[in-house]
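Below are the chains, spelled out letter by letter.
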Amino acid sequence: MTFPASDRLDGLPVEVHPEVAEALRHGGPVVALESTIISHGLPRDSNMQVARDIEQSVRAAGAVPATIAVLDGRVRVGLDEDALLQIASRDDVNKASIRDVAVALARRVPGATTVASTAWLASLVGIEVFATGGLGGVHRGAATSWDESADLMGLAAAPIVVVCAGVKSILDVPATLERLESLSVGVVGYRTDRFPGFYVRETEMAVPWRVETPEEVARIHAANRALGNSRALVVANPIEPESEMDPDLHDDVLAAGLAALREQDVRGKDVTPFLLAFFHERTGGASLKANVDLVLANARLAGQIAVAGAGG
Ligand code: PSU
Ligand code: MN
């Protein structure tokens, strides 16, 4: 897709960083990055450094990073150091999924974009590759709570390649895969036959397709685009073996986290940040290291996919 000429963005509350705009204009490789992971998914003492490192991983692969957020009444695509610092450190940053973006714009309050809203806004400006940590999905107990992440419907509406380490293991993984199938969101395993479980390399679930190279992903995406399929393609990239969490520790902390959720009656968009923070606090940094390692690996692979041809 070609970058929508600036006249198409004229009048929209969207500001594309000059470096990103330049790359898109020439069909160069660009990788969108979400900002909720920075504001709500990582602890404050390290999130700014991690945000910089994620961008650096994209650059090392030869692509231009475009972190997305809402600031000062505008959607910003590609953040400078000051904007990144605001998202990483301000106390009034909202977790902004698709339905929250307009409110954050109208009220001029800062908003950090989720997978759903990042996929949407990236597509709007013509970015076709996106890296995150783990997708949101169907929560355990969703049959009664109805808690399904807006990420799933969001991905059904955005023609973008999303590189992730599977869905967060705090979720109901089989149910999430069923919903992705219903929504016709493509899923491929990157050099794996098993769907990855975020903090852990594998879940018991199989992936529908296995791919081996960034070029293969780019070809699949190109075929989708040629046919006008406007749904996302999820590339599930397992965490490296040396970075994954000990499965027993993982299961223990997860059980405690789910119990704490019920006791404290945490709901809505607070559920995922609560569980991630619970893990980071209870595992002595093991889950944090896993989370950071997997995001950096996903950013690198997304950069390679963008370079292979699915860039802009
Ligand atoms: N991946 C991470 N950390 C995160 C997230 C993803 O490693 O914090 C965020 C993403 O922004 C994703 C959100 O869209 O968690 C899911 O939130 P919810 O379950 O409320 O939809
Ligand atoms: Mn939810």
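See above for the structure.
Values in this document were obtained by computation on a predicted structure and should not be read as measured data.

How each quantity is defined
- Residues numbered from 1 in each chain as written.
- Chains lettered and ligands numbered in written order.
- Predicted model: local features only at pLDDT ≥ 70, side-chain atom pairs only at ≥ 80, totals over all residues.
- Heavy atoms only, no water.
- Helix = DSSP H or I, 4+ residues; strand = E, 2+ residues; numbered from the N terminus.
- Contact = heavy atoms within 4.5 Å.
- Near = heavy atom within 4 Å.
- Polar contact = N/O pair within 3.5 Å; in protein donor to acceptor, adjacent residues only side chain to side chain.
- Areas by Shrake-Rupley, 256 points an atom, 1.4 Å probe, with all protein chains shown as cover.
- Nonpolar A, V, L, I, M, F, W, Y, C, P; charged D, E, K, R; others polar.
- Buried < 20%, exposed > 50% of the residue type's maximum accessible area, 1.4 Å probe, protein only.
- Pairing = 2+ DSSP bridges.
- Salt bridge = Lys/Arg side-chain N within 4 Å of Asp/Glu carboxyl O.
- Arc of directions from axis to C-beta.

Asks: Looking at this structure, how should I read the environment of Ala290?
Replies: Positionally, Ala290 belongs in helix 14 (residues 286-310). Remark: the alpha-carbon pair of Ala290 and Phe198, spanning 92 residues in sequence, is separated by 8.4 Å. Ignoring any residue separated from it by four or fewer positions in sequence, one finds Ala290 in contact with Tyr199, Ile239, Ser243 and Met245.

Asks: Looking at this model, I keep getting lost on the site of ligand 1. Mind explaining?
Replies: Around ligand 1, the surrounding shell holds 18 residues, and the nearest of these are Glu34, Lys95, Ser149, Asp151 and Thr272. Backbone polar atom of Gly134 to a nitrogen atom of ligand 1: 3.1 Å apart, as the coordinates give it. Asn291 is positioned such that a nitrogen or oxygen atom in its side chain is 3.0 Å from an oxygen atom of ligand 1. Relative to its unbound accessible area of 480 Å², ligand 1 is 94% covered by the protein chains. Secondary-structure elements contributing two or more residues to the shell around ligand 1 are helix 3 (36-39) and helix 13 (271-282). Partitioning the shell around ligand 1 into residue classes produces four nonpolar, ten polar and four charged.

Asks: Can you walk me through unusual backbone geometry in this structure?
Replies: Note on backbone geometry: most residues besides glycine have negative phi, and most peptide bonds are trans. A positive phi is found at Arg108, a non-glycine position, where the angle reads about 60 degrees. Along the polypeptide, Arg108 turns up in the loop between helix 6 (98-107) and strand 6 (111-113). Classification of Arg108 as exposed rests on a relative accessible area of 56%. Positive phi, normally seen in glycine, also occurs at Ser184, with a value near 60 degrees. Along the chain, Ser184 falls in the loop between helix 10 (173-182) and strand 9 (186-190).

Asks: Whenever I open this one, the pairing of strand 3 (residues 64-71) confuses me. Can you help?
Replies: A regular strand places its side chains so that they alternate between the two faces of the sheet. With eight of eight residues buried, strand 3 lies mostly within the body of the structure. Of the two faces of strand 3, the one holding Val64, Ala66, Ile68 and Val70 and the one holding Pro65, Thr67, Ala69 and Leu71 are both buried throughout. Taken together, the four bridges between strand 3 and strand 4 (residues 74-77) define a ladder with antiparallel strand orientation. Paired with Val70 across the two strands is Val75, which belongs to strand 4. As defined by bridge partners, strand 3 adjoins strand 6 across two bridges and the pair is classed as antiparallel. Each bridged residue has a counterpart across the sheet, and for Val70 the counterpart in strand 6 is Gly111.

Asks: What is the right way to look at the pattern of salt bridges in this model?
Replies: For side chains of opposite charge, pairing can occur when their charged atoms come near one another. This structure, assessed with the given rule, holds 15 salt bridges. Between Asp80 and Arg76 there is a salt bridge, and its shortest N-O distance comes to 3.7 Å. With relative accessibility at 12%, the residue Arg76 sits in the buried group. Taken together, the shared-partner salt bridges in this structure form one network comprising Glu15, Arg74, Arg76 and Asp80.

Asks: Where do I start with helix 6 in this structure?
Replies: Residues separated by three or four positions in an α-helix point in the same direction, a consequence of the helix having 3.6 residues per turn. Of the residues making up helix 6, those classed as buried are Asp100, Val101, Ala104 and Leu105. Seen end-on, helix 6 carries its buried residues on one side only, within an arc spanning 140 degrees. Facing away from the buried surface of helix 6 by more than 90 degrees, the exposed residues are Arg99, Ala102, Ala106 and Arg107. On its buried face, helix 6 is in contact with strand 3, strand 4, strand 5 (94-96), strand 6 and helix 7 (115-124).

Don't take any of this as a statement about function, it's just geometry.
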